[in-house]
Amino acid sequence: MNRSKKSKVDEQHTMGKKEYAEELRKLQVELCRLQDWVKAKKVRIIIIFEGRDGAGKGGTIRAITERVSPRVFRVVALPAPSDRDKSQMYMQRYMTHFPSAGEIVIFDRSWYNRAGVEYVMGFCTKEQHRRFLELCPTAESYIADAGIILIKFWLEVSNEEQERRFNARISDPVRQWKLSPMDLPSRARWYDYSRARDVMLEATDTERAAWHIVRSDDKKRARLNCISYLLSLIPYERVPHQMVRMPKRSTKGAYDDEATLKGRRFVPEKY
C-alpha cells in the first residue's frame, strides 16, 4: 500500500480525542452494518493482525470490536504452543478457530508466527521456516477457495516510536503486562525482524491473500485508516431493519420489587 504524501502542516497536526472519537464512531456504525450483513448472508471472514511488537495491534483490534457482538466478531490470541500443539500439523491449532457461517474471526498473531518470532528467535529450524513460506500461499488459496474472505494487516512502527512505547510500558504499572518475554529481545534484534518481515512479504503477498501495511506511529490515525480500509475490502451492503418499538411495561402482577431488596448485600457506593 502506498503512503500518500502529507504536507508539513498535516504532519504536525495532532488528532484530538474529540475528532478521533467522532471519526471512530462513524466507522463503528459501519462495522455494525457489516456485522448485520455477515449474519444475514452467512459470510465467513478471517482478519489477521501481524506487525512489530508495540505496533498497536491490540488497540486497533479493540477499536474494531468494542461496539459489535462477540458472537460475530471473535478474537483469537493463542498462547505459545504446547507439546501437543508442536506434535500437530503446523496450522492445525489455528484451523480449529476458523469461522463458521456468519462469523468474523480476528487473529491477534497467527500462523505467521513461524515467519517472525519463531524464525528470529530460533524456535523453528531454517527448513521449517522455508517450508512454511513455500506452502503458506497454497494453504491460503485453499482458504479462499472455501469461500472465506481472508484479509491480512501488517502494522509497521518506527524504531523510535517502538522504543518510546516500550519505555512507557516499563514505567507504567498498568501497561507492564503488555511486555511479553519476546518484546524486549525484539528491540535488540530489530534488523533481524526487518529481514524476516521482508522475506515473509516477498513469499506470501499474493493476489488472493494480499498484505496491507498500516503505518502506526500515530495510533489514532492508524486505527481509523485500518478500519476504513478494512470496510472497503468487503463488499457488504446495508441489511433492512424493522422499526424497533419499546413495549409498554405490564402492570400485571405488580408489586414493590425495590422493597424486597432491603437487607441484601449492596456494593458500597464510594464514587
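Owing to the predicted nature of the structure, the values given are computational and were not obtained by experimental measurement. Starting from 1, residues in each chain are numbered consecutively following that chain's sequence as written. Thresholds applied to this predicted model are a pLDDT of at least 70 for local features of residues and 80 or more for the giving and counting of side-chain atom pairs; totals over whole chains, interfaces and linings are not thresholded and use all residues. Hydrogens are left out, water is left out, and the side-chain values use all remaining heavy atoms of the structure.

Peer 1: In this structure, what is going on with the sheet that holds strand β1 (residues 44-51)? I would like to understand it.
Peer 2: Should DSSP find at least two bridges between two strands, the strands are taken to pair. Segments assigned H or I by DSSP are reported as helices when at least four residues long, segments assigned E as strands when at least two residues long, and all are numbered from the N terminus. A sheet is described by the order of its strands in space; here five strands give the open sequence β2-β3-β1-β4-β5, paired in parallel fashion. Both outer strands of the open sheet, β2 (73-76) and β5 (211-215), are each paired with one neighbouring strand and no more. Each neighbouring strand pair of the sheet contributes to a mean axis angle of 20 degrees, computed without reference to strand direction. Where strand β4 (residues 149-156) meets β5, five bridges bridge the pair, whose relative direction is parallel. In the strand pairing of β5, Trp154 is matched with Ile213. A contact between two residues is defined here by any heavy atoms of the two lying within 4.5 Å. Axes here refer to lines fitted to C-alpha atoms; in helices the fit is confined to the stretch in contact. Angles between the N-to-C directions go from 0 to 180 degrees. Each of β1, β2, β3 (103-108) and β4 is contacted by helix α3 (residues 57-65), which is oriented at about 155 degrees to β1, the strand it contacts most.

Peer 1: Where do I start with the packing of α3 against helix α11 (residues 219-233) in this structure?
Peer 2: In helix packing, the relevant descriptors are the interaxial angle and the interaxial distance, both defined with respect to the helix axes. Look at α3 against α11: their axes get within 10 Å of each other, and the N-to-C directions meet at 55 degrees. Taken together, α3 and α11 sit at an angle that is classed as oblique. α11 is crossed by α3, and the crossing has right-handed handedness. For the pair α3 and α11, contact is made by Gly59, Thr60, Ala63 and Ile64 and by Arg223, Cys226, Ile227 and Leu230, respectively. Relative orientations are named as follows: roughly parallel for angles under 35 degrees, roughly antiparallel for angles over 145 degrees, roughly perpendicular for angles from 65 to 115 degrees, and oblique for any other angle. In this scheme the handedness of a crossing depends on how the near helix is turned from the far one: anticlockwise by less than a right angle means left-handed, clockwise means right-handed.

Peer 1: Can you walk me through the side chain of Arg93 in this structure?
Peer 2: Along the chain, Arg93 falls in helix α5 (residues 92-95). Here a polar contact is taken to be a pair of N or O atoms separated by no more than 3.5 Å, where protein atoms must pair a possible hydrogen donor with a possible acceptor and residues adjacent in sequence count only if both atoms sit in side chains. Only 3.0 Å separates the side chain of Arg93 from the backbone oxygen of Pro79, close enough to count as a polar contact. Other than its neighbours up to four places away in sequence, Arg93 contacts Leu78, Pro79, Ala80, Pro81, Asp85 and Gln88.

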